[in-house]
Amino acid sequence: MDSFELNKIAGAVLASILVILGVATLTDFLYAPKEANPQAYAVAALEDGAAGPGAAVAEEEVPLATLLAAADPARGERLARQCAACHTFDEGGKAGIGPNLYKTVGGPHAHDPNFNYSTAMKETGGNWDFEALDAFIANPRAAVPGTIMSFAGMRRPEQRADLIVYLNTLGSNVPLPDAPAPREEEPAAEEAEPAE
Ligand code: HEC
């Protein structure tokens, strides 16, 4: 066996190793464990909005009170279909994968006595006010670390506001916060006093 042949053999061995590594990586890539399937919901959330993925990321800090004032419970009811896989909304509705959500707004965390909440949710103090709901629906796991609600979160602030005013119609009817006056359009009526 001359060195040329040895080289060929070595080359062949190397090539097979590369192929094996390649296949292994590809397999990893194809069968990587998906973390539950929050993507499915994320996509649904995006599709519901009129704008594309770019718009969903745009961070414009509109105050929640302003968004709530402009929100539409009918749109919220439609958006709530994303939650219906796990939640019921009617008074006395059964708990499923998630608790019944009737009269959640303004009530305590872990408000459904028929549902076995996570310790994280049970130990979260305070009530479900608008801010808390907004944060939770935007990113459940960030708002209540350790929650067992496996929902990726609803990115668009307007959609969350629609959903929250819808939830508020379900036996709660908590008064909406006063929306701050828009900054620019406000005519400077008081300051425009005639000079002497
Ligand atoms: C995959 C199932 C699932 C989906 C989808 C889901 N939830 Fe949940 N939700 C849960 C579970 C489970 C809990 C209980 C969480 C815990 O105990 O940590 C929960 C808890 C909640 C709570 C707290 C209720 C309470 O009594 O404290 C609210 C509010 C809520 N979900 C709203 C929503 C909204 C709004 C949507 C749709 C945008 C939604 N959820 C989608 C499973 C889900």
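Read on for a plain summary of the structure.

Considering the environment of Glu91
In step 1: Following the sequence through the fold, Glu91 ends up in the loop between helix H5 (73-79) and helix H6 (119-122).
In step 2: As for Glu91 and Tyr102, which are separated by eleven residues in sequence, their C-alpha atoms are 5.5 Å apart.

Observations concerning the coordination of the iron atom of the ligand
In step 1: Protein ligation of the iron atom of the ligand involves His87 (NE2) and Met149 (SD), the donor distances falling in the range 1.9 to 2.1 Å.
In step 2: Each of the six donor atoms bound to the iron atom of the ligand contributes to angles spanning 85 to 178 degrees, and the resulting shape is octahedral. Highlighted residues: His87 in the loop between H5 and H6 and Met149 in the loop between helix H8 (140-143) and helix H9 (157-169), separated in sequence by 62 residues.
In step 3: Here His87 falls in the buried class, since its relative accessible area comes to 12%.
In step 4: Overall, Met149 belongs to the partly exposed group, its relative accessible area being 23%.

Description of the site of the ligand
In step 1: Surveying the vicinity of the ligand reveals 27 residues, the closest of which are Cys83, Cys86, His87, His111 and Met149.
In step 2: Ser118 has a polar side-chain atom sitting 2.5 Å from an oxygen atom of the ligand.
In step 3: Taken together, the residues of the shell around the ligand sort by class into 18 nonpolar, nine polar and no charged.

What counts as what
Residues numbered from 1 in each chain as written. Predicted model: local features only at pLDDT ≥ 70, side-chain atom pairs only at ≥ 80, totals over all residues. Heavy atoms only, no water. Helix = DSSP H or I, 4+ residues; strand = E, 2+ residues; numbered from the N terminus. Donors = N, O, S within 2.8 Å, 3.2 Å for Na, K, Ca; no water. Tetrahedral: all angles 85-135°; square planar, octahedral: opposite > 155°, others 65-115°. Buried < 20%, exposed > 50% of the residue type's maximum accessible area, 1.4 Å probe, protein only. Near = heavy atom within 4 Å. Polar contact = N/O pair within 3.5 Å; in protein donor to acceptor, adjacent residues only side chain to side chain. Nonpolar A, V, L, I, M, F, W, Y, C, P; charged D, E, K, R; others polar.

Any functional reading would require information beyond the geometric quantities listed.
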